[in-house]
Amino acid sequence: MMNNDKTVIYQMLPRLFANMNDHCVPNGTIQQNGSGKMNDITSTVLRKIKDMGITHVWYTGIIEHSNQTDYSRYGIRRDNPYVVKGKAGSPYAIKDYYDVDPDIAVNVNERIDEFEALVDRTHDNGMGVIIDFVPNHVSRQYLSDAKPRGVEDFGVGDDRNRFFERNNNFYYIPHQLFAPGIDLGEGKDAYVEFPAKASGNDCFTAFPSKNDWYETVKLNYGVDYGDGSRHFYPIPRTWFQMLDILLYWAEKGIDGFRCDMAHMVPVEFWQWAVTNVKERYPHVIFIAEIYDVALYRDFITYGKFDYLYDKVNLYDTLRGIQCHNVSAAQLTNCWQTVDGIGDKMLNFLENHDEQRFGSKYYAGDPSLVIPSLVISAFFSTGPMMIYAGQELGEQALDAEGFSGYDGRTTIFDYWSIPTVRRWFNGGKCNDDLLTGNERWLRDKYRTILRMCNTEKAISAGRFFDLMYVNYDNPTLNPHRQYVFLRSYADETLVVAVNFSGEPCNLHINIPGHAFDVLSLPKGDCVATELLSKDMMRKTLSPDSPFVTEVGPNDAVVWKIKHKNVLPQDKKSLPDRRNNAKKR
């Protein structure tokens, strides 16, 4: 990997990704439904992932979390099933920060070794490794059996008679039994917690509902949520404990942390922790899951994050365009909102929290993705991420158990992903087992994701929005089409996307200001359309529109090499066209 690459992330849950069971039953156990293993993610698999233009793999669900499977014969304490969501449990209800999830190990006793081997294989195949860091909350029954000598478990030594104390790990509701709006069982099997601890979603009562994160406990970083006061000096105990965990995993050779619900942890902690980690492991990147645009700049400048989720800005806008009659022109607001930090925004159309693009709850047809995918991938030099199965058009048609039919791929159940299972084919990764539509879609993803780093205008170039001179353009509907430039050195890309189900013939105005700020030449040239490989004579001029057709639910990316642009007073340019494909 080159340090100046545009980061392109492939997210997968090994438990789901490599599971070949094609007859899973809802709410099935691991014995019934199986689980993918880290060892199944072979070099063959990783080469196929790398071939799509991927630079990093985010292995979700690596750190041991609570589940309903009995691993007591391996010295792992059983979890009370009443405070575990689903048979497999949430990967974000961490049970032991220093251990690997036993579900994804072939040999449970060697699970750490199997993870380290996966890290090595991923590196050997030219990609970086990202894992989750879950700082805001832990499992209701956190207990580390793998912690290094001298490390204390969370909650040990807490003053449980106080709601808040600076060096407590948890927040307590003194003298009150934990009594959520769920069944906690009876008799010896019941879950009993006294005094109650606050739940992970900032639920500071003993009575969370079934929709709260009742299976987790909120960690205390020195903020008294009773009166809002902050107690960061001297540094709270939780800070040191979490830094130790970050360093533990960084030492294993990983390349980045995706930090779960980062905005629920004080930015002061991040400034301190990220700085400390990077002093020893400067290559490690930090990605914040964050849902508050007002906090973006603080978490970059002060919190020291390398990248932030741009969910509530670009993702929500693209979803609105696709589903809710939002105008494509609103995309201008998206880059303006993050102007100056756009290269820090991580863009995506799917992840484990969101509904699949092709599901009936979103677009309903995975083939409609091209405009949104081009925008997400090419809008900035910041990272792009896809979720395993997205490139195959996975529609999440299953009701897996704890996760019902909701358009998402479950994270709580032992399951397999139908499209991924067929393609994975026991590690053979055979495109021939895909349908024609699935092969077409995977090829589109490969083409677009590869361009993120083969085209310098995308990985390192400048962005220029063309909409402001095209709102009154009779050939362009700003409700359904969006146009922009990307330019680097002596190359420029003219990008047009069409969210409409009808084709359009655009005559795109390019203002003189664009020629000035991007140092564009003026004249005729032969341009190459990078998605179709068509070549065609084009005019690049502030006085004449740039003409292109765009198919329904499609995009074009015209590449112009400046050295090939002839001044407009020279008429000797040949008309070279590749008509093998008509758009």
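Above this text sits the structure in question.
Position labels on residues start from 1 in each chain and follow its written sequence. Selection of residues for local features in this predicted model requires a pLDDT of at least 70, selection of side-chain atom pairs for listing and counting requires 80 or more, and totals for whole chains, interfaces and linings are taken over all residues. The basis for the side-chain values is all heavy atoms of the structure; hydrogens and waters are excluded.

A. Summary view of the overall build of the protein. Per the convention used, a helix needs a DSSP run of H or I reaching at least four residues, while a strand needs a run of E reaching at least two, with both numbered from the N terminus. Secondary structure summary: the protein contains 14 helices and 22 strands in total. Atoms counted for the radius of gyration: C-alpha only. Globule rule: 2.2 Å times residue count to the power 0.38. A globule of 583 residues ought to have a C-alpha radius of gyration of about 25 Å, and the protein, at 26 Å, matches this closely. Its C-alpha atoms give the protein principal-axis dimensions of roughly 90 × 50 × 40 Å. Within the protein, buried positions represent 60% of all 583 residues. Contacts between residues were defined by any pair of non-hydrogen atoms, one from each residue, lying within 4.5 Å. Contacts in the protein between residues at least 24 apart in sequence constitute 73% of all its contacts with a sequence separation of at least 6. The classification of residues rests on relative accessible area computed with a 1.4 Å probe and restricted to protein chains. Under 20% of the type maximum is buried, over 50% is exposed, and intermediate values are partly exposed.

B. Representation of the layout of surface pockets within the structure. A cavity here means a set of points on a 1 Å grid, drawn over the protein atoms and nothing else, where a 1.4 Å probe fits but cannot get out; a pocket is an open set with protein on both sides within 12 Å along at least five of seven lines, and a residue lines either one if it has an atom within 4 Å of a point. Grid points are joined across faces, edges and corners, and a volume is the space filled by probe spheres set on the points. Estimated volume of the largest pocket: approximately 540 Å³. Around the largest pocket, the lining comprises 25 residues; the ones closest to its centre are Ser90, Trp213, Asp353, Ile411 and Phe412. Residues were grouped as follows: Ala, Val, Leu, Ile, Met, Phe, Trp, Tyr, Cys and Pro as nonpolar; Asp, Glu, Lys and Arg as charged; and all remaining residues, including Gly, as polar. Partitioning the lining of the largest pocket into residue classes produces eight nonpolar, nine polar and eight charged.

C. Representation of the sheet that holds strand β14 (residues 384–387) in the model. Strand order in the closed barrel formed by eight strands is β1-β2-β5-β10-β11-β12-β13-β14, and the pairing between neighbours is parallel. Taken pair by pair, the neighbouring strands of this sheet meet at an average axis angle of 30 degrees, ignoring direction. Looking at chain direction, strand β1 (residues 8–12) and β14 are connected through four bridges and run parallel. Bridge assignment links Tyr10 to a residue of β14, and that residue is Ile386. All axes here are fitted lines through C-alpha atoms, helices being fitted over the stretch that makes contact, and every angle between N-to-C directions spans 0 to 180 degrees. Where helix α5 (residues 237–250) meets the sheet, it contacts β5 (128–133), β10 (256–259) and β11 (285–288), and its direction lies at approximately 155 degrees from that of β5. For two strands to be treated as a pair, DSSP must find no fewer than two bridges joining them.

D. Quick peek at the packing of helix α10 (residues 370–378) against helix α12 (residues 436–454). Close contact between α10 and α12 brings their axes to 10 Å; oriented N to C, the two are set at 20 degrees. Judged on the interaxial angle alone, α12 and α10 are roughly parallel. The chirality of how α10 crosses α12 is right-handed. Residues Ile370, Leu373, Val374, Ala377 and Phe378 of α10 touch α12, and the partners they reach there are Trp440, Lys444, Tyr445, Ile448, Met451 and Cys452. Here the contact of α10 with α12 is composed, by residue class, of 10 nonpolar, no polar and one charged. Comment on the angle field: the value is read as roughly parallel under 35 degrees, roughly antiparallel over 145, roughly perpendicular from 65 to 115, and oblique elsewhere. Helix crossings get a hand from a simple test, with the near helix turned counterclockwise from the far one by less than a right angle marking a left-handed crossing and a clockwise turn marking a right-handed one.

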